[in-house]
Amino acid sequence: MSRATLPTEALDWLAVWREVRGLVVAQDAHLTRRLRSAGHTIFALTDDAPLAVRLGSIDGVTPVIARPEAIPTDPFQFEVVFIHQGLHTLDLGLALPQVARALRPGGCLSASYLVRDDTVPWVRRLAALLRRFDPMAMRGAYGHGSLDELRNSRYFTEVEQRAFRVWQKVTRDDLLGLVTSQPLAANLDQGQLRHLLGQVGELYDGAVRPGESLRLPFQMLCQRAWVNHDELTGPVR
């Protein structure tokens, strides 16, 4: 199943302005490539050397090999710092003051998560079906609860949030593959797995219109946290 496309409207909201000088805390190359293609000047931070090579192959992107807990730049270098799907992986007690130091006055930390929306009826039915075999099935641990920590940070005292709807096309084979990749599939014998996949196929056939594909709904949860340099532990010049 292909990656859900990050909506341009959401990326524009996170970037705030046109042609920003931004730092991406990179989990992969996708966000960096999208921001660069939108005309922004992008530095991409990662401690993964092979990923740094991929990021450096994107025209106009400067890779930086480091951790967000120790950003190796002078103060006031960036208008926006972007973190997508990765805020929960950081030591925020160390990373947030580092991000604040790297931001220019008036800049912001733009954090986001792509989270599946289970309110659509056919997705609820799929979750209920899988949870007959595993009560924890489709309970995505995305890490987006870490967004709440930005509201409690003295380095970012003003926070805005938006949510954007994202739809990903899902074919019948995609859905069967999604179920097969679930951890519960490894605990089923072949007969149980065939029975489950048959039920999932029937669910798909009953929910989709002829000649069309289902659409799996996501929400892109976005926050802009505006920097407050008054709270840095020492003067920054």
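Owing to the predicted nature of the structure, the values given are computational and were not obtained by experimental measurement.

Draft legend 1. Representation of the overall build of the protein chain. Counting secondary structure elements, the protein chain contains eight helices and seven strands. For the protein chain, the spread of C-alpha atoms along the three principal axes comes to 65 × 35 × 30 Å. Burial statistics for the protein chain: of 237 residues in total, 48% are counted as buried. Contacts in the protein chain between residues at least 24 apart in sequence constitute 76% of all its contacts with a sequence separation of at least 6. Only carbon and sulfur atoms are counted for the fraction: they give 48% of the accessible area of the protein chain, which is about 12100 Å². Mean positive and mean negative side-chain charge positions of the protein chain (27 and 26 charges, respectively) differ by 4 Å.

Draft legend 2. Local environment of the packing of helix α7 (residues 172-180) against helix α8 (residues 190-207). At a closest axis distance of 10 Å, the pairing of α7 and α8 adopts a crossing angle of 145°. The element α7 and its partner α8 pack so that their crossing is right-handed. Across the interface between the two elements, Arg 172, Leu 175, Leu 176, Val 179 and Thr 180 from α7 touch Leu 196, Leu 197, Val 200, Gly 201, Glu 202, Tyr 204 and Asp 205 from α8. Partitioning the contact of α7 with α8 into residue classes produces seven nonpolar, two polar and three charged.

Draft legend 3. Representation of the side chain of Arg 224. Note on placement: Arg 224 falls in strand β7 (residues 214-227). There is a polar contact of 2.8 Å between the side chain of Arg 224 and the backbone oxygen of Trp 13. Not counting the four nearest positions on each side in its chain, Arg 224 is found in contact with Trp 13, Leu 14, Val 16, Cys 108, Leu 109, Ser 110, Glu 158, Val 159 and Glu 160.

Draft legend 4. Local environment of the sheet that holds strand β2 (residues 41-46). The seven strands are arranged β3-β2-β1-β4-β5-β7-β6 in an open sheet whose pairing can be described as mixed. Of all the strands in the sheet, the pair left with one neighbour each is β3 (61-65) and β6 (156-170). Averaged over all pairs of adjacent strands, the angle between their axes in this sheet comes to 20°, without regard to strand direction. As judged from the four bridges shared by strand β1 (residues 21-25) and strand β4 (residues 78-84), these two strands associate in the parallel manner. Bridge assignment links Leu 23 to a residue of β4, and that residue is Val 81. Relative to the sheet, helix α1 (residues 8-15) contacts β4, β5 (103-116), β6 and β7, its axis offset from that of β7 by approximately 5°.

Draft legend 5. Local environment of α8. For α8, with 18 residues, the first-to-last C-alpha span of 26 Å sits near the 26 Å given by 1.5 Å per residue. Listed as buried for α8 are Leu 193, Leu 196, Val 200, Gly 201, Leu 203 and Tyr 204. Down the axis of α8, the buried side of the element spans an arc of 160°, and every buried residue falls inside it. Turned more than 90 degrees from where α8 packs its buried face, Arg 194, Glu 202 and Gly 206 sit exposed. With a side-chain oxygen lying 3.1 Å from the backbone nitrogen of Gly 191, the N-terminal cap of α8 falls on Asp 189.

Cut-off values and rules
- Residues numbered from 1 in each chain as written.
- Predicted model: local features only at pLDDT ≥ 70, side-chain atom pairs only at ≥ 80, totals over all residues.
- Heavy atoms only, no water.
- Helix = DSSP H or I, 4+ residues; strand = E, 2+ residues; numbered from the N terminus.
- Buried < 20%, exposed > 50% of the residue type's maximum accessible area, 1.4 Å probe, protein only.
- Contact = heavy atoms within 4.5 Å.
- Areas by Shrake-Rupley, 256 points an atom, 1.4 Å probe, with all protein chains shown as cover.
- Lys, Arg positive; Asp, Glu negative; His and termini not counted.
- Charge placed at Lys NZ, Arg CZ, Asp CG, Glu CD.
- Axes fitted to C-alpha atoms, helices over the stretch in contact; angles between N-to-C directions.
- Left-handed = near helix turned anticlockwise from the far one by under 90°.
- Nonpolar A, V, L, I, M, F, W, Y, C, P; charged D, E, K, R; others polar.
- Polar contact = N/O pair within 3.5 Å; in protein donor to acceptor, adjacent residues only side chain to side chain.
- Pairing = 2+ DSSP bridges.
- Expected span 1.5 Å × (residues − 1).
- Arc of directions from axis to C-beta.

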